[in-house]
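Residue-level structural notes
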Amino acid sequence: MLSSNLSVGENGHLYFRGHDTVALAREYGTPLYLLDEVRIRENMRMYRRAFQESFGPAAAPLYASKANCFKRIYEIAKEEGMGIDVVSSGEIYTALQAGFPLEQAYFHSNNKTDWDIAFAMDHRVGHFVVDNREELDAIARIAGEKGLRQKILLRLTPGIDPHTYEAVATGKVDSKFGTAIETGQAREMVRYTLSLPTIDLQGFHCHVGSQVFGEDVYERTADIMLTFIKDCRDEFGAALPVLDLGGGYGVRYVESDGFVDIPAAIARVAAHMKAVCERLGMEMPAVHMEPGRSIVADAGLTLYTVGTVKKITGYKNYVSIDGGMTDNPRYALYGSRYTVYLASRPEDPATLRCDVVGRCCESGDIIQPDVLLPEPKRGEILAVCTTGAYNYSMASNYNRLPRPAVVMLTETGHYLAVRRESLEDLVRNDV
Ligand code: LLP
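Residues numbered from 1 in each chain as written. Predicted model: local features only at pLDDT ≥ 70, side-chain atom pairs only at ≥ 80, totals over all residues. Heavy atoms only, no water.

1. Overview of the pattern of salt bridges
- The full count for this structure, using the stated rule, is 32 salt bridges.
- Where R72 meets E37, a salt bridge forms, and the shortest distance between an N and an O atom there is 3.4 Å. With R72 in helix 3 (residues 71–79) and E37 in helix 2 (residues 37–55), this residue pair connects regions lying 35 residues apart in the sequence. The pair formed by R72 and E37 is uniform in burial state, with each residue classed as buried.
- Across the salt bridge formed by D355 and K316, the nearest N and O atoms sit 2.8 Å from each other. Pair noted here: D355 is in strand 17 (residues 352–357) and K316 is in the loop between strand 14 (300–311) and strand 15 (317–321), with a separation of 39 residues, a long-range link. (Salt bridge = Lys/Arg side-chain N within 4 Å of Asp/Glu carboxyl O. Helix = DSSP H or I, 4+ residues; strand = E, 2+ residues; numbered from the N terminus. Buried < 20%, exposed > 50% of the residue type's maximum accessible area, 1.4 Å probe, protein only.)

See the structure below:
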């Protein structure tokens, strides 16, 4: 099957982390997000081990919590010794509620408001990743008002095209994120930053894109960033010990997708960086990366109940499910591929070619087109795999559909981590 936490039980049902998905759908209702806690922990440990082995003790992976954010995930990150990347006061607040030590948090975003900045400082968020000059001035001013010296990284755009889809390519010079190296603006920003008494410049950050498979993307990025660090040291004499290379390693959504051996990829990047540092006569920085998708994607699976099966003679077939672009907007937004199984009979002959579509009033509400399935009957359970990243975190209430529950799976049991929204929840803020 697509990933090692999927299997078929003796009753012929699809199992996820050893649990019968059909039984889980009956118990918790659908649509339902399942998250394999064992796999999340395995992925976090895999990153931590790879970083220790390849980069040494000063290096650390941070979980990019935009990929999937709720209290329990931050508790798991804390237990696994992961730092976190947060992008809003909402994520900071959620981490805070989970008891996550915020000095291990890196606050991103290309447009932090004064309110966000003050909120993050009041809760002692360890590091700000500063996108641009205007934001830097606001952070310096608010730190001054609070009598703080704020640790920051500057987010730079190295001018790298990671060859992924446009919506997630962020390292090019004309990106809305960061400050460009190529134009000379990054260098000016460093000069200026070093003159600010309320700012403690620790180093640099870049993130070239997401769902990245390109062999040498991180090596090429590191080349540019290390050269920049060296130039800054020569010109300004500043110690800039931290380099954060962002997130982005790709995951497998369908059988034909590639597969990144992440520890091997990290070892290659580290070896390359060591050689470059030697050549440039500089010390290896403390390296961070911010994986999101590759921590949680394959830990996720969404269950739906089949409703209408519509056959338009001579044209096409539709299988409608009880969720849609509200719980998984990724096909609608990016044309993303997914693997779909009929959870009650995954091994029956796949005889129906169909589009799996949602229940929203919108033709583009497609979970996956052109899927081959055993012909499903109304009431049967459908499973969409690899939905752990950017599904729950991107869910909406379009058409006033309540967001699904999130259920965590362990080796021995399962438990509710996020309650299903109720109809009352939908009107809670209406005055
Ligand atoms: N660091 C920064 C600064 C980022 O902007 C991102 C993702 C990450 C780390 C984590 O990247 P990852 O390891 O998850 O690829 N909604 C889109 C993905 C948007 C990614 C945004 N930034 C999707 O569903 O494909």
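From this point, the discussion proceeds with the structure in view.
2. Observations regarding the nonpolar core
- By size, the foremost hydrophobic cluster in this structure holds 110 residues, and its most contacted members are I40, F204 and Y249.
- When sequence neighbours within four positions are dropped, the list of residues in contact with Y249 reads Y47, V212, Y218, V260, I262, A265, I266, V269, M289 and S294.
- By size, the runner-up hydrophobic cluster in this structure holds 20 residues, among which are A25, L32, Y341 and I381. (Core = buried A, V, L, I, M, F, W, Y, C linked by side-chain atoms within 4.5 Å. Contact = heavy atoms within 4.5 Å.)

3. What about the sheet that holds strand 2 (residues 14–16)?
- Sheet architecture is open: 3 strands sit in the order 1-2-3, paired in antiparallel fashion. Looking along the sheet, the strands with just one partner apiece sit at the ends: strand 1 (6–8) and strand 3 (19–20).
- The sheet contact formed by strand 1 and strand 2 spans 3 bridges and is antiparallel. By the bridge assignment, V8 is partnered in strand 2 with L14. (Pairing = 2+ DSSP bridges.)

4. Focus: the packing of helix 7 (residues 185–194) against helix 8 (residues 217–236)
- At a closest axis distance of 11 Å, the pairing of helix 7 and helix 8 adopts a crossing angle of 45°. On the basis of their axis angle, the class for helix 7 and helix 8 is oblique. Once helix 7 is placed against helix 8, the crossing between them reads as right-handed. For the pair formed by helix 7 and helix 8, the contact residues are A186, R187, V190, R191 and L194 on the first element and F228, D231, C232, E235 and F236 on the second.
- Of the residues contributing to the contact of helix 7 with helix 8, the split by class is 6 nonpolar, no polar and 4 charged. (Axes fitted to C-alpha atoms, helices over the stretch in contact; angles between N-to-C directions. Parallel < 35°, antiparallel > 145°, perpendicular 65-115°, else oblique. Left-handed = near helix turned anticlockwise from the far one by under 90°. Nonpolar A, V, L, I, M, F, W, Y, C, P; charged D, E, K, R; others polar.)

5. A word on the packing of aromatic side chains
- For the structure shown, the criterion picks out 9 aromatic pairs.
- Ring centres of F107 and F128 lie 5.5 Å apart, and the angle between their planes is 65°; this geometry places the pair in the edge-to-face category. You can see F107 sitting in strand 7 (residues 105–107) and its partner F128 sitting in strand 8 (residues 127–130), a full 21 residues away along the chain.
- Looking at F128, the relative accessible area reads 0%, which means it is buried.
- An aromatic cluster is built from Y33, F70 and Y392, whose rings are joined through pairwise contacts.
- Across the ring face of Y192, the terminal group of R133 is positioned such that the distance to the ring centre comes to 3.5 Å. (Phe/Tyr/Trp six-rings, centres within 6.5 Å; stacked < 30°, edge-to-face > 60°. Lys NZ or Arg CZ within 6 Å of the ring centre and 35° of its normal.)

Scope: geometric values only; no functional claims are made or implied.
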